[in-house]
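Observations on the three-dimensional arrangement
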Amino acid sequence: MEDLTGEILQDLLTNPPVSIKTPSDWLNALLTGGWLPGRLYVLGAPPGEGKTTFCAWAADYAAANGTPVLFVAYEMTRQQLYVYSLARTGGINSGLIEGQRWKDPDYQKAEALADEIALAAQAYDETIAPKITILEAGPEVTPAYLKGAIG
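Nothing here was measured: the structure is a model prediction, and the numbers come from that model.

Definitions and limits used
Residues numbered from 1 in each chain as written. Predicted model: local features only at pLDDT ≥ 70, side-chain atom pairs only at ≥ 80, totals over all residues. Heavy atoms only, no water. Helix = DSSP H or I, 4+ residues; strand = E, 2+ residues; numbered from the N terminus. Buried < 20%, exposed > 50% of the residue type's maximum accessible area, 1.4 Å probe, protein only. Contact = heavy atoms within 4.5 Å. pLDDT = per-residue confidence, 0-100. Patch = residues over 30% accessible without salt bridge, like charges linked within 9 Å, V, L, I, M, F, W, Y side chains within 5 Å. Areas by Shrake-Rupley, 256 points an atom, 1.4 Å probe, with all protein chains shown as cover. Salt bridge = Lys/Arg side-chain N within 4 Å of Asp/Glu carboxyl O. Phe/Tyr/Trp six-rings, centres within 6.5 Å; stacked < 30°, edge-to-face > 60°. Axes fitted to C-alpha atoms, helices over the stretch in contact; angles between N-to-C directions. Parallel < 35°, antiparallel > 145°, perpendicular 65-115°, else oblique. Nonpolar A, V, L, I, M, F, W, Y, C, P; charged D, E, K, R; others polar.

**A closer look at the side chain of N28**
Secondary-structure assignment places N28 in helix 2 (residues 25–30). Its relative accessible area of 8% is what places N28 among the buried residues. Beyond its immediate stretch of four places on either side in the chain, N28 contacts K21, T22, G33 and G34.

**Some details on the confidence of the model for the protein**
Caution is warranted with low-pLDDT regions, since their predicted coordinates should not be read in detail. On average, residues of the protein score 91 in pLDDT, and 100% of them are at 70 or above. When mean pLDDT is taken per element in the protein, helix 6 (residues 110–127) scores highest with 96 and helix 1 (residues 2–14) scores lowest with 77.

**Describing a nonpolar patch on the surface**
Nonpolar side chains collect at one region of the surface, where M1, L4, I8, L9, L12 and L13 lie side by side and expose about 660 Å² of accessible area between them. With respect to the helices and strands, L13 occurs in helix 1. Accessibility expressed as a relative area gives 72% for L13, which makes it exposed.

**Observations regarding the packing of aromatic side chains**
On inspection of all chains with the given rule, the structure shows four aromatic pairs. Centre to centre, the rings of W35 and Y41 are 4.9 Å apart; their planes meet at 70°, and the pair counts as edge-to-face. For W35, a relative accessible area of 22% gives the class partly exposed. Residue Y41 is classed as partly exposed on the basis of its relative accessible area, which comes to 32%. With 6.5 Å between their ring centres and 70° between their planes, W35 and F54 make a pair best called edge-to-face. Pair noted here: W35 is in the loop between helix 2 and helix 3 (51–64) and F54 is in helix 3, with a separation of 19 residues, a long-range link.

**Remarks on the packing of helix 4 (residues 78–90) against helix 6**
What describes two packed helices is the angle between their axes and the distance between those same axes. Where helix 4 contacts helix 6, the two axes come as close as 9 Å, and the packing angle between them is 100°. Accordingly, the angle class assigned to the pair helix 4 and helix 6 is roughly perpendicular. Note on element contacts: helix 6 touches helix 4 through I117, A120, A121, A123 and Y124, opposite Y82, S85, L86, T89 and G90. For the contact of helix 4 with helix 6, the residue count by class is seven nonpolar, three polar and no charged.

Dropping the structure here:
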């Protein structure tokens, strides 16, 4: 380490910290500014507690702010993740999108819902879609496979 001390100190003293902000000010403070490159973060919780939802929320935020994102999904399809992202983007209840309520002749807000979804899709296409790649994963997705996908 003696050989690296000068280089490491020079880097610490002259380069600004690099981090990828999350949508949570509290989490950014806890993580020293956001996700730090070169670190591995492990998120654990029982099934159904929102791990995928949280990660998708953070991925959408990073992509919307210009950071390229590879989202590796083991439990949800691209379509499911898109619907939830669309709902977050437009502030729409995802159940209304999944249930295709705009097609229900008895739903009084069908036309307004269709308009809201169209606006959310446009916003998604302009801000998030250019920077996010969603990979539906299974047992074939190994660390070596991911390294290639990242490259």
